[in-house]
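In case you want the letters, here they are:
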Amino acid sequence: MNPVRRVLLAGASGLVGSQVRRLLLARRDGPTVVSLLRRPRGARPPRDLECVADLSDPARDGELAASLRHPAGGFDACVCALGTTIRQAGSREAFLAVDRDLVLRVAAIARELGAQRMVLVSSVGASAQSGNFYLRVKGETERALAELGFERLDLLRPGLLLGERGERRFAEQWGQRLAPLTNPLLRGPLRRYRAIPASDVAAAAVAVLSQGEGGRHVHEHASLVALARA
């Protein structure tokens with residue numbers, strides 16, 4: 001597979017995405033990162049670029065794709081760390097619009113512009129057959145991504161993310177406080193549900209961009225930690 005020289009990053013202002021951006025730009029030989037944002041955050045060219053766009057209107061995706069085209073070529077990879085909660089979004093329909101529809105729209109644009117690799121921050125337990133609405137949406141999104149024709153698809157399935165968010169999520173705050181007590185109790189098949197630092201998930205997302213073999217790869221807790229330490 002081609003080396004990764006240009007990355008389209010969605011969710012660059014979030015808990016994981018912001019750290020993916022930082023890690024990629026910290027590497028001297030790292031790729032150019034184009035962050036897809038609703039509001040500018042202050043890029044530092046030449047390798048740190050931003051594309052500010054209204055992502056709420058699917059009818060403008062063609063316009064967005066045109067603005068992302070680059071004379072030197074398109075993208076080699078897309079990293080997507082978009083995500084919300086039903087409570088944050090306000091309804092199931094609004095949640096679907098972000099965690100499934102927007103993820104797939106961004107991925108389709110990246111694929112159109114040449115991306116061979118796709119990295120998605122999903123969730124442990126994601127399954128299109130799940131009885132849980134949140135996990136079913138995550139699973140449906142993973143399945144749809146596999147149909148877009150990427151040469152390599154990496155699905156990162158962390159448990160509870162540890163780290164400071166820009167917004168308050170009360171359930172997560174309690175989970176983070178309890179994680180030091182509950183993590184050691186989750187062993188064997190339950191190990192994959194352990195809480196994990198968002199910095200480890202970001203490091204894993206960066207690490208898989210250097211792996212050469214194609215195909216679909218699922219990474220849960222043990223794999224994410226190993227990738228982050230590599």
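What comes next is a walk through the structure.

Along helix 8 (residues 221-229), the residues classified as buried are His-221, Leu-224, Leu-227 and Ala-228. Projected down its long axis, helix 8 carries its buried residues within an arc of 135°, all on one side.

The subject of this paragraph is the packing of aromatic side chains. Tallying each qualifying case throughout the model produces 2 aromatic pairs. Geometrically, the ring pair formed by Phe-95 and Tyr-134 is tilted, given 5.6 Å between the ring centres and 35° between the ring planes. Remark: Tyr-134 occurs in helix 5 (residues 133-145) and Phe-95 occurs in helix 4 (residues 92-112); sequence separation between them is 39 residues. An aromatic cluster of at least three residues, connected via ring pairs, comprises Phe-95, Phe-133 and Tyr-134. If you follow Arg-92 out to its NZ or CZ, it ends over the ring of Phe-133, 4.2 Å from the centre.

Looking now at the state of the cysteines. Throughout the structure, instances matching the rule amount to 0 disulfides. Not engaged in a disulfide, the cysteine Cys-78 finds its nearest cysteine sulfur in Cys-80; these two sulfurs lie 5.9 Å apart. Classification of Cys-78 by relative accessible area gives buried; the value is 0%. Its relative accessible area of 0% is what places Cys-80 among the buried residues.

Time to look at the pattern of salt bridges. This model, assessed by the stated rule, comprises 16 salt bridges. Of the charged contacts, one joins Asp-200 and Arg-229 as a salt bridge, the two residues approaching to 3.0 Å between their closest N and O atoms. In this pair, Asp-200 is assigned in helix 7 (residues 198-208) and Arg-229 in helix 8, connecting sequence segments 29 residues apart. A residue is classified by how much of its surface remains accessible, and Asp-200, at 10% relative accessible area, is buried. One salt-bridge network, in which partners are shared between bridges, spans Glu-142, Arg-157, Arg-192, Arg-216 and Glu-220.

Okay, the nonpolar core next. Ranked by size, the top nonpolar core spans 29 residues in total, and within it Val-16, Val-20, Val-79 and Leu-209 carry the most contacts. At 7 residues, helix 7 tops the list of elements feeding residues into this core. Once residues lying within four places of it in the same chain are set aside, the contact partners of Val-20 are Leu-9, Val-79, Ala-202, Ala-205 and Val-206. Counting residues in hydrophobic clusters, the runner-up holds 28 residues, among them Ala-65, Cys-80, Ala-107 and Phe-150.

Relative to the 18 Å expected for 13 residues at 1.5 Å per residue, helix 5 spans 18 Å between its end C-alpha atoms, a close match to the ideal helical length. Elements in contact with the buried residues of helix 5: helix 3 (86-89), helix 4, strand 5 (117-121), strand 6 (152-156) and strand 9 (215-219). One side-chain oxygen of the residue at the start of helix 5 lies 3.0 Å from the amide nitrogen of Tyr-134, identifying that residue as Asn-132.

The rules behind these values
Residues numbered from 1 in each chain as written. Predicted model: local features only at pLDDT ≥ 70, side-chain atom pairs only at ≥ 80, totals over all residues. Heavy atoms only, no water. Buried < 20%, exposed > 50% of the residue type's maximum accessible area, 1.4 Å probe, protein only. Helix = DSSP H or I, 4+ residues; strand = E, 2+ residues; numbered from the N terminus. Arc of directions from axis to C-beta. Phe/Tyr/Trp six-rings, centres within 6.5 Å; stacked < 30°, edge-to-face > 60°. Lys NZ or Arg CZ within 6 Å of the ring centre and 35° of its normal. Disulfide = S-S within 2.5 Å. Salt bridge = Lys/Arg side-chain N within 4 Å of Asp/Glu carboxyl O. Core = buried A, V, L, I, M, F, W, Y, C linked by side-chain atoms within 4.5 Å. Contact = heavy atoms within 4.5 Å. Expected span 1.5 Å × (residues − 1). Polar contact = N/O pair within 3.5 Å; in protein donor to acceptor, adjacent residues only side chain to side chain.

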